Amino acid sequence: MGVEDGKGHQSDTNYETESTGSERVGFSGPMSGPLSGPLTNKRGGKKSARFNLPPETSGGAADDAYVEITLDVRDDTVAVHSVKTAGQDKEDPEMTLLARELEKKSSFGSSVMRSASNRIRHVSQELKRLASANKRQAPINLDRSKSAAAGALAGLKFISKADGSAGWHAIEKRFKELNIEGVLPRPLFGKCIGMESKEFALALYDALARRRNIVAPFISKDELKDFWEQISDQSFDARLQTFFDLFDKNGDGRITETEVKEIITLSASANKLARIQEQAEEYAALIMEELDPGNLGYIEVENLEVLLLQGPSQSVAPFSNSRNLSQMLSQKLRPTKESNPIKRWYNQTKYFLEDNWKRVWLFVVWLIAMGGLFAWKFYQYRHRAVFQVMGYCVCVAKGGAELTKLNMALVLFPVCRNTITWLRNKTKLGVVVPFDDNLNFHKVVAAGAAVGVLLHVIAHITCDFPRLLHATNAEYEPLKPFFGDKRPPNYWWFVKGTEGWTGIVILVLMIIAYVLATPWFRRNRLNLPKALKKLTGFNAFWYSHHLFVIVYALYIVHGYELYLTKKWYKKTTWMYIAIPMLLYGFERLVRAFRSGIKPVKILKVLNRLNASFCSIMQVAVYPGNVLTLHMSRPNGFKYKSGQYMFVNCAAVSPFEWHPFSITSAPSDDYLSLHIRTLGDWTSQLKTVFSEVCQPPDNGKSGLLRADHNQTSHPSFPQVLIDGPYGAPAQDYKKYEVVLLVGLGIGATPFISVVKDIVNNMKASEEEEELEGGGNGAKAKKKAFKTTRAYFYWVTREQGSFDWFKGVMNEVAESDQNNAIELHNYCTSVYEEGDARSALIAMLQSLNYAKNGQDIVSGTSVKTHFAKPNWRSVFKRIALNHRDARVGVFYCGSVALTNELRQLSLDFSRKTSTKFDFHKENF
């Protein structure tokens, strides 16, 4: 700070000093002159000074006209020790904090001694101005202590780490590539300095050019360097002035409401905030109301500075008492590499087993079972007559067949969802069995089946069949009971037999199913021709997986018509897969029974039906291609927060069922789903429901909307549901503290969870009041374990916040005990402190203080900018909940999975807080 006010106030200020202690020596006279006396004392000491404010800025008693500061003067620094009003024992913490931020440390010498008076004069001016500002009454209905605008401007920068902070050398290199005849055209300015937002870069260019009276649409290399020095200047004054110049379009030193509106529109465009663009006029009026209380019609740089100086008063209480502990924790978490390779390997192995012991024991048992079966079959055929002709090839082929049998049986268990849900809810097996990894185990077992098939097929085709075809008559003699009296003449003999053609069909169908199940095809990641594109995607994966009905039927036939085994009780294929097939078939029958009741006519809102056919009550289509369905809850449909159900819509496809998380709470008398249109089926579902939707009225949210009410009865498509099914998020009740992280549409299971937490806490309190603190209340509280939740929702688009706007407001309003911390993050907005988002931060703070509503999300939950610092999030939770076990639940794309898992492991190992990581990926 320390800016000359240009009005000669410093000449009107009288200075008096008093000394205390042996090192203090009295001094009087203008402090702007050369320093003498105690300030040149090399030993250092404290100097106390009184600044007499001019009469027009003073008020109250005589002592109120003085501000007493104590300076600590040493060999290399001049530090502010304390600031207080004259005549008072207590120092003013706000003024002290401000003054200390004005300190500047540098190497002392003769040059510092010459400039010390200027520094002290700047301090006095700022303290005088702050004291004067404190005398003025703040605008009504604005709690400045909660303003984040000051923090945003205090960290104001115009180039972020990713936008060219490499320095002038990188800029100079780009200038050489982009210049035209030695000058840089205005349109290329943003590209040259590495700024992504072209519109903002042009506005910045214009602001810098106006201050230098440059009217040409280009600049030279020297002018570019001058621009760059101001952009990268980290001083407060330079950053504030540059930001002000962005507003001041005509360069007259005053900002009008029209100019404010223009820069709001520019900032909103740079941050992809379309709604703020639409409301630019309203927000411009809000800024003028705040910074121009005198209705002068303009604001000046001092007005922005006044708002900025409110920042130091923001509370940092939650961390102040734990600062030392936080620093110690940071040092402890600093990654260090063990120099001893044996010890390093031991620690890595120990940590891995601690974190994955459930998976490890199951995987080891599976490997042992496969190894044992392969070795048994290998040994068995090693001692049979066919070994003399076919050799070890037949041993490998039969060993591979045994692996295939085992895995074809096991692969069905992980997809028996009803069974897994029952085991998860009704038994204690979840303590040792990783039910959350059911699909991963399904994939691992499928890979094992593929290995068995490859061993079986390759050994037959390339080894034992050729040896059989080329065997002599004497060698073939022992094999006549298996292959007939006449030796097979060629490969066609094997192909035309039942064993042959069934094996080939099985192999082809398995290849189709395996290939279409890979992420590249299932998620359409390959750039294929349009004609082939229709053969990929989720629908192709879903239908190809149902080819396994044919595969299993042929597999039984193939396993019965064997060349080398004739006795029925030795044909074990059907023995392996009989029970898994019956269990899976029973699951499908239950699913068909629950969802196959004939449709019922849609009735009034909240009409309850006796089957899993649902009466649609409300439909809305939101930004980001999200369709929300509110439907009646069938009788007997009980579920837990975090669970999901399958949905079928005959108008789209009578055969396809797709899983979606339930967003309503178990205590709600309806079911709700939020479905993002990412594939063929969901896109068609949105199209079908959009046909019965209309633009919303009466201020309701959603791009399109249809409500089933007394006056309107839209003809909704028929929807069938099947479920509920277990999911990782349902286990949140096992933890007292939970961290919920939703990425985009991945917030859906946690919306139900946070609503359930609030409802359970309300129920506990009400029962406690009714029971008078008796056993009933204690039992209820014991049953519901969760007492603290942190919910982080990260999304790219501003419109995404509409999906759960009502729920977020409801939770924030109902959570009287502050048990749930709600954090919204919008990654399209530049990080806090960036110039491109500074105005958005200011608007957010002003509007929230005045209206209690966030301008980005439209809810009572304030939105943070850019991505969260997850290490800081974990660190904060570890500090707040020492010796606790925290459940970390993540739902979203795989992009964030590894980072959250690794942080959970790091903090669990190096702090007393243990983090258990659970995830759902889509």
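Preceding block: the structure.
Residues numbered from 1 in each chain as written. Predicted model: local features only at pLDDT ≥ 70, side-chain atom pairs only at ≥ 80, totals over all residues. Heavy atoms only, no water.

Q: Report on the sheet that holds strand E15 (residues 737-743), specifying residues and quantitative values.
A: Judged by pairing direction, the sheet is parallel, and its six strands sit side by side in the order E18-E17-E16-E15-E19-E20 without closing on themselves. The open sheet has two edge strands with one neighbour each: strand E18 (863-865) and strand E20 (914-921). Within this sheet the neighbouring strands show an average axis-to-axis angle of 20 degrees, counted without direction. Relative to strand E16 (residues 788-795), E15 is paired through seven bridges, and the arrangement is parallel. From the neighbouring strand, valine 737 faces E16, where its bridge partner is arginine 788. Together, E16 and strand E17 (820-826) form the strand contacts of helix H32 (residues 805-814), whose direction differs from that of E17 by roughly 145 degrees. (Pairing = 2+ DSSP bridges. Helix = DSSP H or I, 4+ residues; strand = E, 2+ residues; numbered from the N terminus. Axes fitted to C-alpha atoms, helices over the stretch in contact; angles between N-to-C directions. Contact = heavy atoms within 4.5 Å.)

Q: Lay out helix H34 (residues 870-880) with the relevant residues and their values.
A: Most of H34 is tucked away: eight of the eleven residues are buried. Listing the buried residues of H34 in full gives Trp870, Val873, Phe874, Lys875, Arg876, Ile877, Ala878 and Leu879. (Buried < 20%, exposed > 50% of the residue type's maximum accessible area, 1.4 Å probe, protein only.)

Q: Hey, could you go over the packing of aromatic side chains for me, with residue numbers and the actual values?
A: Evaluation of the coordinates by the stated rule reveals 26 aromatic pairs. Ring centres of phenylalanine 637 and tyrosine 639 lie 5.9 Å apart, and the angle between their planes is 55 degrees; on these two criteria the pair is classed as tilted. A relative accessible area of 6% means that phenylalanine 637 is categorised as buried. Of the residues examined, tyrosine 639 reaches a relative accessible area of 7% and is grouped as buried. Summarising the aromatic geometry, the rings of tyrosine 735 and phenylalanine 889 are spaced 5.9 Å apart at their centres and angled 75 degrees between planes, so their arrangement reads as edge-to-face. Highlighted residues: tyrosine 735 in the loop between strand E14 (719-725) and E15 and phenylalanine 889 in strand E19 (residues 885-892), separated in sequence by 154 residues. (Phe/Tyr/Trp six-rings, centres within 6.5 Å; stacked < 30°, edge-to-face > 60°.)

Q: Residues and numbers for the nonpolar core, please.
A: Membership of the largest hydrophobic core comes to 90 residues, with the highest contact counts inside it found for Phe189, Leu224, Ile264 and Phe791. Ranked by residues supplied to this core, first place goes to helix H6 (residues 198-211) with eight residues. Residue contacts for isoleucine 264: discarding those within four places in its chain leaves Ile276, Ala280, Tyr283, Ala284, Ile287, Leu839 and Leu843. Core analysis: the second largest hydrophobic core is formed by 23 residues, Met631, Phe637, Val647 and Ile721 among them. (Core = buried A, V, L, I, M, F, W, Y, C linked by side-chain atoms within 4.5 Å.)

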